[in-house]
Number of protein chains: 2
Amino acid sequence: MAAEDDQAVKVLGNKLSLYSFRVEWSLKLKGVDYEFIKEDLLNKSERLLHHNPVYKKIPVLIHNGKSIPESMIIVEYIDETWRHQPSLLPQDPYERAMARFWAKFVDEKCVPSIISVFCSVGEDQEKALKDAEETLKTLEKALKGKFFGGETMGFVDIAAAWLPYWIGVTDEILNLKLVDQESLPLLSVWFEEVVDVEIVKGCLPSRDELMAHLKSFRERSVAAKD
Amino acid sequence: MAAEDDQAVKVLGNKLSLYSFRVEWSLKLKGVDYEFIKEDLLNKSERLLHHNPVYKKIPVLIHNGKSIPESMIIVEYIDETWRHQPSLLPQDPYERAMARFWAKFVDEKCVPSIISVFCSVGEDQEKALKDAEETLKTLEKALKGKFFGGETMGFVDIAAAWLPYWIGVTDEILNLKLVDQESLPLLSVWFEEVVDVEIVKGCLPSRDELMAHLKSFRERSVAAKD
């Protein structure tokens, strides 16, 4: 019984975290069943501290009694553990390197630039908006087909597929249009394609729930700067 | 002739960059010949801008006419392109995930915490020092044998092997002893082992050169805060 439990796949996550989805999308793409354990973002559980003692953050994948933290590291683990198709990373070493490069770009450039737009006001926000547009234009260059992964979702799509839904909600809160067809023609199309993928849609939180979460996040962040 | 040139392995780097070594160490571990092209850290060449237009940073690996930026992405590319022994990453998916986790920890936690000690003064430095000690204690937990990779140098050793040499020089400049045998017994031993590896020693800059570079870096950083 204990051995059987050990082999179960569990995800410690939260539907309001952009990092948490990546694990769910990867498992769904591979057809791996898992148990989703919701973690409270503001009140960390003993279980989370036990499974990710270094960063104390979601997501964590638990498999074979071992814990793996950090979303994109988990995605690679899933690809290397369940080796059947679809491959999340391409086979060619150069293409693999480029997929890792753009996934890292999403985390190091896109995430902070969008947070910066969302958590600023006035002139600061105008500057942040220009930076974010440049960042998204750079990301767009990595789009070579319908998806970053070509004809199907791959590693970079998994890293970035939170963008359309998040930006849709932040646009509404800020009364903006960060990604339009004129300035980002390819990315605009990808925005529509990727949120229409069944497994992507199936994991997202409700628009109202995300709206309430992001409004509260913005209020706290703007207040902290005053 | 052009095709022959294309297959040549070239590294755009600088011996004073802690990221640049990682590429050289990996190629040397694999026994791959390469041409090292020195880039000026303060005056970026057209060549660098061409090969790494997104970040405009060293190191860049050029192979088969293609450019790969970002040091640890290059290390994975090297491991996947020249598949003979020694493997830089372990074979087991969980062990591979952990190696990636600790290499990321070096970049996201160790690098900024050591820069923070080095570029601060007074109370700020005392606080930074405590943080850096905690960070290094956490890193020490990943040491399972002689090296992070076990009995031989692996992925995490490649990510971290600049630490002993850098900390040795910064200790001298600041009159400190950041890593001592009492508080970090395993890491102290690794510090001695890893800089004694022939290929590690062979790539390092002279102590005088690194000393001059780091002194100037500290002066500029401290002045910028005033």
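Residues numbered from 1 in each chain as written. Chains lettered and ligands numbered in written order. Predicted model: local features only at pLDDT ≥ 70, side-chain atom pairs only at ≥ 80, totals over all residues. Heavy atoms only, no water.

### Regarding the interface of chain A and chain B
Each partner contributes to the interface: chain A provides 25 residues, whereas chain B provides 25 residues. Here chain A and chain B share an interface that buries about 2400 Å² over both sides, 68% of which is from carbon and sulfur atoms. For the pair chain A and chain B, the number of links is eight salt bridges. Arg96(B) is paired through a salt bridge with Glu80(A); the nearest N and O atoms lie 2.9 Å apart. Where chain A meets chain B, there are eight residue pairs in polar contact (both at pLDDT 80 or more). Elements that contribute at least two residues to the side of chain A that touches chain B include exactly strand E4 (66-69), helix H4 (71-81) and helix H5 (93-118) of chain A. No other element matches the 12 residues that H5(A) contributes to the side of chain A that touches chain B. In terms of residue class, the side of chain A that touches chain B is made up of 13 nonpolar, three polar and nine charged. (Contact = heavy atoms within 4.5 Å. Buried area = accessible area lost by both parts, 1.4 Å probe. Salt bridge = Lys/Arg side-chain N within 4 Å of Asp/Glu carboxyl O. Polar contact = N/O pair within 3.5 Å; in protein donor to acceptor, adjacent residues only side chain to side chain. Helix = DSSP H or I, 4+ residues; strand = E, 2+ residues; numbered from the N terminus. Nonpolar A, V, L, I, M, F, W, Y, C, P; charged D, E, K, R; others polar.)

### As for the pairing of strand E2 (residues 35-38) of chain A
Residue and element names in this part refer to chain A. The pairing of strand E1 (residues 10-13) with E2 spans four bridges and is parallel. Opposite Val11, over in E2, you have Phe36 as the bridge partner. Traced from E1 through helix H2 (residues 20-30) to E2, the parallel crossover comes out right-handed. (Pairing = 2+ DSSP bridges. Right-handed = clockwise from strand over helix to strand, strands pointing away.)

### With respect to the domain arrangement of chain A
Residue and element names in this part refer to chain A. If you check the domain split of chain A, you get domain 1 (2-81) and domain 2 (93-225). Taken together, the contact pairs 18 residues of domain 1 with 22 residues of domain 2. Where domain 1 abuts domain 2, roughly 1900 Å² becomes buried across the two surfaces, and 72% of that area is made up of carbon and sulfur atoms. Across the contact surface, domain 1 and domain 2 share two salt bridges. Taken together, domain 1 and domain 2 are joined by four residue pairs in polar contact (both at pLDDT 80 or more). Broken down by secondary-structure element, the contributors of at least two residues to the side of domain 1 that touches domain 2 are H2 and H4. No other element matches the seven residues that H2 contributes to the side of domain 1 that touches domain 2. Here the side of domain 1 that touches domain 2 is composed, by residue class, of 11 nonpolar, one polar and six charged. (Domains from an automatic or database assignment.)

### Re the relation of the copies chain A and chain B
Once chain A is rotated about the relating axis by 180 degrees and shifted along it by 0.0 Å, it coincides with chain B to within an RMSD of 0.0 Å. Interpreted geometrically, this transformation is the action of a two-fold axis. When the interface residues of chain A are mapped onto chain B, 100% of them are again interface residues, pointing to one common binding face. (Least-squares fit on C-alpha atoms with pLDDT ≥ 70 in both.)

### As for the sheet that holds strand E2 (residues 35-38) of chain B
As a general point, the strands of a sheet are linked pairwise by backbone hydrogen bonds and lie either parallel or antiparallel. Residue and element names in this part refer to chain B. Overall, mixed pairing links the four strands, which are arranged E2-E1-E3-E4 in an open sheet. In this open sheet, the two strands that pair with only one neighbour each are E2 and strand E4 (66-69). Strand-to-strand, the axes of this sheet are offset by a mean angle of 20 degrees, without reference to chain direction. Two strands pair when backbone bridges link them, and strand E1 (residues 10-13) and strand E3 (residues 60-63) are joined in this way by three bridges, in the antiparallel orientation. Following the sheet pairing, Leu12 is matched in E3 by Val60. Sitting on the sheet, helix H2 (residues 20-30) is in contact with E1, E2 and E3, with an inclination near 155 degrees to E1. (Axes fitted to C-alpha atoms, helices over the stretch in contact; angles between N-to-C directions.)

### Focus on the packing of H5(A) against helix H6 (residues 122-140) of chain A
All names here are of chain A. The N-to-C vectors of H5 and H6 enclose an angle of 160 degrees; their axes lie 8 Å apart at closest approach. Taken as axis vectors, H5 and H6 run roughly antiparallel relative to one another. The handedness of the crossing between H5 and H6 comes out as left-handed. Residues Trp102, Phe105, Val106, Lys109, Cys110, Ser113, Ile114, Ser116 and Val117 of H5 lie in contact with H6, whose contacting residues are Gln125, Ala128, Leu129, Ala132, Thr135, Leu136, Thr138 and Leu139. Its residues assigned to classes, the contact of H5 with H6 shows 11 nonpolar, five polar and one charged. (Parallel < 35°, antiparallel > 145°, perpendicular 65-115°, else oblique. Left-handed = near helix turned anticlockwise from the far one by under 90°.)

### Section: the pairing of E3(B)
In regular strands, side chains alternate between the two faces of the sheet. Residue and element names in this part refer to chain B. Going residue by residue along E3, you find Val60 and Ile62 tucked away on one face and Leu61 and His63 tucked away on the opposite face as well. The sheet contact formed by E3 and E4 spans four bridges and is antiparallel. Residue pairing for E4: Leu61 is matched across the bridge by Ile68. Count of turn residues in the E3/E4 antiparallel hairpin: two residues, of which Asn64 carries a positive phi of about 55 degrees. (Buried < 20%, exposed > 50% of the residue type's maximum accessible area, 1.4 Å probe, protein only.)

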